[in-house]
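Residue-level structural notes
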Amino acid sequence: FAVAVRGALVGLARAALREITAPTLFIVGANEQPARPGYTDVFDRLQGTAVLVRVPRAGNSFEEPGALGSVAEHTVGWLDRLDARKRHADSSDA
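The structure reproduced in this document is the subject of the present report. (Residues numbered from 1 in each chain as written. Predicted model: local features only at pLDDT ≥ 70, side-chain atom pairs only at ≥ 80, totals over all residues. Heavy atoms only, no water.)

**Focus: the pattern of salt bridges**
Basically, it comes down to this: Any carboxyl oxygen of Asp or Glu that lies within 4 Å of a side-chain nitrogen of Lys or Arg is treated as forming a salt bridge with it. Only DSSP runs of H or I with at least four residues qualify as helices, and only runs of E with at least two residues qualify as strands; both kinds are numbered from the N terminus onward. Per-residue accessibility, obtained with a 1.4 Å probe over protein chains only, is compared with the maximum for each type, and a residue is labelled buried under 20%, exposed over 50%, and partly exposed between these values.
One pass over the structure, following the stated rule, counts 2 salt bridges. Residue Arg87 pairs with Asp83 through a salt bridge whose shortest N-O separation is 2.8 Å. Here Arg87 pairs with Asp83, and both are found in helix α2 (residues 67-93), just 4 residues apart, close to one helical turn. On the accessibility criterion, Arg87 (57% relative accessible area) is exposed. Among the residues examined, Asp83 registers a relative accessible area of 35% and is labelled partly exposed. Across the salt bridge formed by Asp90 and Lys86, the nearest N and O atoms sit 3.1 Å from each other. On the criterion of helical spacing, the pair formed by Asp90 and Lys86 is a turn pair, its members being 4 residues apart in helix α2.

This is the structure we're talking about:
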């Protein structure tokens, strides 16, 4: 399975981050105020195939026009790519 994370208070889970081995999509707003330097630390602690996406012109609540749509598009695209890789791997094993 996979994990999709949207910014906010992910630092609260810092102790458990090294235990996450599933592919992880980490989405943050590029304009979050104050800037969240801790996101880099959180992202670096993720194991496995972690992907970081910064949504342009978006804050931490993604209230800006088009921001949630961008989050949805990134999430769907990421899940589609994971599914394609899984299907390819399954067909190679057959």
